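# Remarks on the overall topology
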Amino acid sequence: MINPDGKHIGYARQKARSILQEYFAKNPPERLPVPIKEIAELYGFEIYELKTMSKHQRAIKQDVPSENRKLIGVNASYHRHNQRVSIGHELGHYFLGHPPEEDCDDEQIKLFNSEADEFSAELLMPLDMLKQKLVELKDVPNVARTFDVSEQALWIKISGQRLTNLLV
C-alpha cells in the first residue's frame, strides 16, 4: 500500500517543471502554449490519434522495448484540449516511474492517476507562467486560450493553487 500523504503531488509538480526547463533549454525561447507533442517527441514518444478507443478512454501509453518504441495513443474523438491533457497525463506516468495499472491495487491506481494529473497540469500550465498571465489578462477565457487548455482545466488549476485572488 502507498500512503497518499501529499509528498507525491509536490514531486509530480517539480518533475514537470524540470522537464519543461530541460525542454526549453534545448528549444528556446519559453513559449505558450506549451508544445506538449514536441516535448513528448523529444523524449522518444510517438503520438497517435486513435479512432477505435472507447468513448470513456482518453489515452493509452505503450512501451515496445523489443522495437525501442514508446507510444501514446489519444482518443481521436476528444477535443484538442483533452488530448493535450491526456498526453501530459501519460507523460506523467512515464516520468514518475509508475508501474502498469494491472500491477497496482485500486488505492495505488487512484494515487498514481492523481500524480499524473498534477504533472500534466503543471506541464501545460506552469505555475509561474500562470500567475503572470492571470495578473496580466485577468480573464479566464483568454488565459485558457493562451495555455490552449479548457476553462474547466484552468479553473481546477486556479482553485487547487488558490490563485483566484489574482483575477481581481
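Look above for the structure.
Residues numbered from 1 in each chain as written. Predicted model: local features only at pLDDT ≥ 70, side-chain atom pairs only at ≥ 80, totals over all residues. Heavy atoms only, no water.

### Looking at the overall build of the protein chain
- Looking only at helices and strands, one finds seven helices and three strands in the protein chain.
- Walking the protein chain from its N terminus toward its C terminus, one meets helices and strands in the order α-α-β-β-β-α-α-α-α-α.
- In terms of overall dimensions, the protein chain has C-alpha extents of about 50 × 35 × 35 Å along its principal axes.
- Every one of the 168 residues in the protein chain was classed for burial, and the buried ones make up 43%. (Helix = DSSP H or I, 4+ residues; strand = E, 2+ residues; numbered from the N terminus. Buried < 20%, exposed > 50% of the residue type's maximum accessible area, 1.4 Å probe, protein only.)

### Thoughts on the pattern of salt bridges
- Using the criterion set out here, one finds ten salt bridges in the structure.
- Residue Glu-67 is joined to Arg-69 by a salt bridge in which the shortest nitrogen-to-oxygen separation is 3.3 Å.
- Overall, Glu-67 belongs to the partly exposed group, its relative accessible area being 49%.
- By relative accessible area, which is 28% here, Arg-69 ends up partly exposed.
- Residues joined by salt bridges that share partners form a network here, namely Arg-17, Glu-122 and Lys-157. (Salt bridge = Lys/Arg side-chain N within 4 Å of Asp/Glu carboxyl O.)

### Description of unusual backbone geometry
- Between Pro-28 and the following residue, Pro-29, the backbone shows a cis peptide bond with an omega angle of -5°.
- Note on placement: Pro-29 falls in the loop between α1 (7-26) and α2 (36-42).
- Between Leu-32 and the following residue, Pro-33, the backbone shows a cis peptide bond with an omega angle of -5°.
- Inspection of the secondary structure puts Pro-33 in the loop between α1 and α2.

### Quick word on helix α5 (residues 127-137)
- When α5 is considered as a whole, its buried residues turn out to be Leu-127, Met-129, Leu-130, Lys-133 and Leu-134. Buried residues of α5 fall within an arc of 160° about the axis and therefore sit on the same side.
- Just downstream of α5, Lys-138 is the residue with a positive phi angle, here 50°. (Arc of directions from axis to C-beta.)

### Quick look at the sheet that holds strand β1 (residues 45-50)
- Strands sit in the order β1-β3-β2 across an open sheet of three strands; the sheet is mixed. Every interior strand has two partners, whereas the edge strands, β1 and β2 (59-64), have only one. Ignoring which end each strand starts from, the neighbouring axes of this sheet average 20° apart.
- Of the pairings in the sheet, the one linking β1 to strand β3 (residues 69-75) comprises six bridges and is parallel in character. Counted as the bridge partner of Leu-50 is Asn-75 from β3.
- The sheet strands contacting helix α3 (residues 80-95) are β1, β2 and β3, and the helix crosses β3 at an angle near 145°. (Pairing = 2+ DSSP bridges. Axes fitted to C-alpha atoms, helices over the stretch in contact; angles between N-to-C directions. Contact = heavy atoms within 4.5 Å.)

### Let's talk about the nonpolar core
- In terms of nonpolar packing, the biggest core is built from 40 residues, with Leu-91, Phe-119 and Leu-154 touching the most fellow members.
- When residues no more than four places from it in sequence are discounted, the contact partners of Leu-154 are Met-125, Leu-130, Val-140, Val-143, Ala-144 and Val-149. (Core = buried A, V, L, I, M, F, W, Y, C linked by side-chain atoms within 4.5 Å.)

### Describing the packing of α3 against helix α4 (residues 106-124)
- Running from amino to carboxyl end, α3 crosses α4 at an angle of 120°, the nearest separation of the two axes being 7 Å. The pairing of α3 with α4 is recorded here as oblique in orientation. The two elements α3 and α4 cross, and the hand of that crossing is right-handed. Facing Arg-84, Val-85, Gly-88, His-89, Leu-91, Gly-92, His-93 and Phe-95 of α3, the residues of α4 in contact are Phe-112, Asn-113, Ala-116, Asp-117, Phe-119, Ser-120, Leu-123 and Leu-124.
- Considered class by class, the residues forming the contact of α3 with α4 number eight nonpolar, six polar and two charged. (Parallel < 35°, antiparallel > 145°, perpendicular 65-115°, else oblique. Left-handed = near helix turned anticlockwise from the far one by under 90°. Nonpolar A, V, L, I, M, F, W, Y, C, P; charged D, E, K, R; others polar.)

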